[in-house]
Amino acid sequence: AMPDAAVLDEYSARVWILIGNGEGDLVVAAGYPTGLTPSDIKAAFLNNDPFVDLVVANSSDNFLTVLYGHGDGTFEAGPSIQTVSPASAIAVADLNSDGRPDIAMAQRAANAVTILFSDGSGNFELGQQITVGSEPSDITAASIDRRRGLDIAVTNSASNSITVLSNSGAGRFNKTHELATPGAPVSIVSGDFNFDGHIDLAAADRTDNSVSVFYGTLFGFSEGVVLSAGPSPRSVIAADLDGDSVTDLGVTSNETGNISVFRGRYHGLDPVPHQWYVGPGPAAVHVSDLDLDGWPDLLAVNQATRAVSVVSNDRTGGFAAVKNIDTEAGAADLALADFNGDGKLDLLVLTGAAEERPDGASRPEHESTSELLLFYGDGAGNFSLVAVFDAGTDSKALAVADIDGNGYPDAAVTDTGHDRVQLFLNTPEIALFNRTFIEAGAEPVAITTSDLDGDGRRDLVTANKGDGTVSLLYNNGGGEFDRMDQTVGISPVSVTTGDLDSDGRDDVAVVNRASNDLSLLYSRGGRQFGRAVSSRTGDSPSFITADDVDVDGHVDLILISGGAVIRNIGVKFGDGSGNFPRSIGMVLGRSAASALAVDIDADGVKEIIVTDPDLAAVRVLKGFSIFQLSAETYGVGLFPQRSAVGDVNGDGMIDVLTGNFGSGSVSVLLNTAKQAKVFQADPGRVRLSVRTRDSQSRKTGSIPVRATIPTDLR
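The rules behind these values
- Each residue is numbered by its place in its chain's sequence as written, counting from 1.
- Reporting in this predicted model follows two pLDDT cut-offs: at least 70 for local features of residues, and 80 or more for side-chain atom pairs to be given and counted; totals over whole chains, interfaces and linings ignore these cut-offs and use all residues.
- Hydrogens and water molecules were not included; the side-chain quantities draw on all heavy atoms of the structure.
- Elements are defined by DSSP. Helices are runs of H or I of four residues or more, strands are runs of E of two residues or more, and each kind is numbered from the N terminus.
- Any residue under 20% of the maximum accessible area for its type is buried, any over 50% is exposed, and the rest in between are partly exposed; the area is computed with a 1.4 Å probe on protein chains only.
- Each accessible area is a Shrake-Rupley result for a 1.4 Å probe, and residues are judged covered by the shown protein chains and nothing else.
- Think of it this way: a Phe, Tyr or Trp ring, Trp meaning its six-membered ring, pairs with another when their centres are within 6.5 Å, and the plane angle makes it stacked under 30 degrees, edge-to-face over 60, tilted otherwise.
- Put simply, a charge is over a ring when the Lys NZ or the Arg CZ is close to the ring centre, within 6 Å, and near the line of the ring normal, within 35 degrees.
- Contacts: residue pairs with any heavy atoms within 4.5 Å of one another.
- Two strands qualify as a pair provided that DSSP identifies no fewer than 2 bridges between them.
- Axes, fitted as lines to C-alpha atoms, cover a helix only where it is in contact. Angles between the N-to-C directions of the axes lie from 0 to 180 degrees.
- Any pair of N or O atoms that falls within 3.5 Å is considered a polar contact. Within protein, one atom must be able to donate a hydrogen and the other to accept it, and sequence-neighbouring residues count only if both atoms are side-chain atoms.

Caption draft 1: Seen up close, the overall build of the protein chain. Each helix and strand counted, the protein chain has zero helices and 64 strands in total. Burial statistics for the protein chain: of 714 residues in total, 61% are counted as buried. Carbon and sulfur atoms provide 47% of the accessible area of the protein chain, an area that totals close to 25,300 Å².

Structure, rendered in structure tokens:
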């Protein structure tokens, strides 16, 4: 009795079965082949057994794929249903009132709707074919005229219209209404949006950026009402989302990743929508109570990331709306600190460069101009842009600390294109930084701060990709620094500091991508460090940070490594003597950019937060300290690079922010661990639950296009 899901994958021509646990989580169980370019999927009882079956429309093949369910979440191929012309969309319903599920197909190439009648044993015979408008794109069945069985409504994307076919009662249909839409309708849904007992129709108009609503009357339909739905509307749903007994209308925007929900009222739909983020590029959305709390949740198929988002209802009809802060250019790094001394966390974002492109290719050198964006926080999780600063060329990393000792946090940026660090000293009198420059090694791509020499001033450390060194920049005060370079491995790309050997002095750890190793520099006191001690890591290590993950008083190291197909995260547990006798690792899939350790749920055990560019998500990894690993995943913007944590809304819990290079934004995930031990952007939660393909596949460009949730595939 727990909802499962079936999701179409157009690129691999498969349907993926996702098994639910009744708590809002879905896990990939199996994949089954379909025909070419699967475009729609429906669940029904097709062959007279008590198990849910699936039927798939293939828009490039002249047959429908049938999968017979076994009742345990597994399926076997049934006999294909031959068609004269490919089907772009299907509706499954009892169209001739004999108690058996029939099929109505919208056939784009034939400009027609074709009816297939079931014999109850899984076989179908050809019924009527009705000419409709040009290029029918979607179809639905409902009791529109409330007279003789279920009727049909189909959207015609090339003739900007909806055709309504009325049922004679024996499965014979007549064309009774042609409803004009302002744009190209691509999807349709039916429901009683004004609680008058008549079925209404709503269609997403892709070219008009709107949704057309036609309210049903005793004799047909009223004149259409056009509601603004955001850019590139794609999918529509009808459900009572807020529990007031009136059907609401939801429309997804493929461009913004939002769903606009128009509340159903007794006078009709509220024209002002509520919007929530459901993931990048939602191609389809479905409604079901996935966590079994009695409230309908959302399942969105995200075309941009080839993933599925589960968005839980907050029991008032609200959903998880990850707050996204526009940064215009790609966000490469970010930090939280109280920059203006008002007791509230502010946000500093570095834009303009990332170590890799979203497609995985290396970035050309010196190609972008970077900026620092300063946002002031209001203490409630909201941020306002107050200042923008030039941050050099192709800058990749940011560190924040009180470097000049005046009590206000300063910022240091790796100006990669000019082989230097730009230092922005914060002054309490004005909301601007005084900028100075510090020479570093060749191509500094990572930076951190620490009091290396124990003089009470924060020093800087850069990893210099171009010459295989780290630059130790000792703070002399007054904006003056002494530089000492230490040789490490080939192509160092990430650096961190911590007291690895428990001698009271911070040491330096750096990972070297090209030589596949970790270099440790142990402090000898003052401004003296020993030679680098190197050890093997996984292939192409890309990130390192230091933290006491198992809370035993000793510094541990968190590393990310791996190539374009598989990324791994590992923890090396320190024993306080500079050695790391224990380690644990976890395969993360295709991508992982950065990680940090923090106690999210205030239980005294630290979790690891990982940014996952490929999934457009952050992953919360639990159980590293007890060697029992689990993960929860939350959707954010496109290609997140770095994350920052802090209590941004004053509730005493740690929240997470991600800098999203692909979408030019920062996502804010507010923590509700006191209530549910999950993240949410008040109210609700986003949980990006599952990939729709094998994480080791080298194929790209796969487009999951439709999803359906029956009551229980098992």
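Caption draft 2: Spotlight on the packing of aromatic side chains. Going through the model one piece at a time under the given rule, you end up with four aromatic pairs. Seen from their ring centres, Phe 389 and Phe 424 are 6.1 Å apart, and the 45° between their planes marks the pair as tilted. With a gap of 35 residues between them, Phe 389 in strand S36 (residues 383-393) and Phe 424 in strand S39 (residues 420-426) connect regions that are remote in the sequence. The same class applies to Phe 389 as to Phe 424, namely buried. Here Arg 582 stacks its cationic end above the ring of Phe 573, 4.5 Å away from the centre of that ring.

Caption draft 3: Broad picture of the environment of Val 251. Residue placement: Val 251 occurs in strand S24 (residues 248-253). Along the backbone, Val 251 and Phe 262 are eleven residues apart, and their C-alpha atoms lie at a distance of 8.4 Å. If we ignore the near neighbours within four places in the chain, the residues touching Val 251 are Ala 204, Val 211, Ala 229, Pro 233, Ser 235, Val 236, Asn 258, Ile 259, Ser 260 and Phe 262.

Caption draft 4: Unusual backbone geometry, seen in detail. Backbone geometry places Ser 97, a non-glycine residue, at a positive phi of 60°. Here Ser 97 is to be found in the loop between strand S9 (89-93) and strand S10 (102-107). Backbone geometry at Val 551 places phi at a positive 55°, although glycine is not the residue there.

Caption draft 5: Examining the sheet that holds strand S14 (residues 151-156) more closely. Strand order in the open sheet formed by four strands is S13-S14-S15-S16, and the pairing between neighbours is antiparallel. With one partner strand each, in any of the chains shown, strand S13 (136-142) and strand S16 (173-180) form the two edges of the open sheet. Averaged over all pairs of adjacent strands, the angle between their axes in this sheet comes to 20°, without regard to strand direction. Bridge analysis of strand S15 (residues 161-167) against S16 gives seven bridges, and the strand direction is antiparallel. Residue pairing in the sheet places Val 164 in a bridge with His 177 of S16.

Caption draft 6: Summary view of the side chain of Ser 187. As for its placement among the helices and strands, Ser 187 is situated in strand S17 (residues 185-191). At 3.0 Å, the side chain of Ser 187 forms a polar contact with the backbone oxygen of Arg 234. Once you skip the residues sitting within four places of it in the chain, Ser 187 turns out to touch Asp 138, Thr 155, Ala 202, Ala 203, Ala 204, Arg 234, Ser 235 and Val 236.

Caption draft 7: Region of the structure containing the environment of Asp 291. Inspection of the secondary structure assignment puts Asp 291 in the loop between strand S29 (282-288) and strand S30 (297-302). Considered as a pair, Asp 291 and Glu 23 are 268 residues apart in the sequence and their alpha carbons are 4.0 Å apart.

Caption draft 8: Region of interest: the pairing of strand S25 (residues 258-262). Counting buried residues along S25, five of its five residues qualify, which places the element largely inside the surrounding structure. Here S25 shows a buried face lined by Asn 258, Ser 260 and Phe 262 and a second buried face lined by Ile 259 and Val 261. Note: S24 against S25, four bridges, orientation antiparallel. Counterpart to Thr 252 in the pairing with S25 is Ile 259. Here S24 folds back onto S25, and the loop between the two strands holds four residues, one of which, Gly 257, carries a positive phi near 80°. Note that S25 and strand S28 (residues 274-277) share four bridges and pair antiparallel. Its bridge partner lying in S28, Ser 260 is registered against Gln 275.

Caption draft 9: Just the pairing of strand S42 (residues 459-464), in detail. In terms of burial, S42 is a largely internal element, six of the six residues being buried. Side-chain alternation along S42 places Asp 459, Val 461 and Ala 463 on one buried face and Leu 460, Thr 462 and Asn 464 on a second face that is also buried. Inspection of the sheet shows S42 paired to strand S43 (residues 469-477) by five bridges, in the antiparallel sense. Counterpart to Asn 464 in the pairing with S43 is Thr 469.

Shape descriptors only; they carry no functional weight alone.
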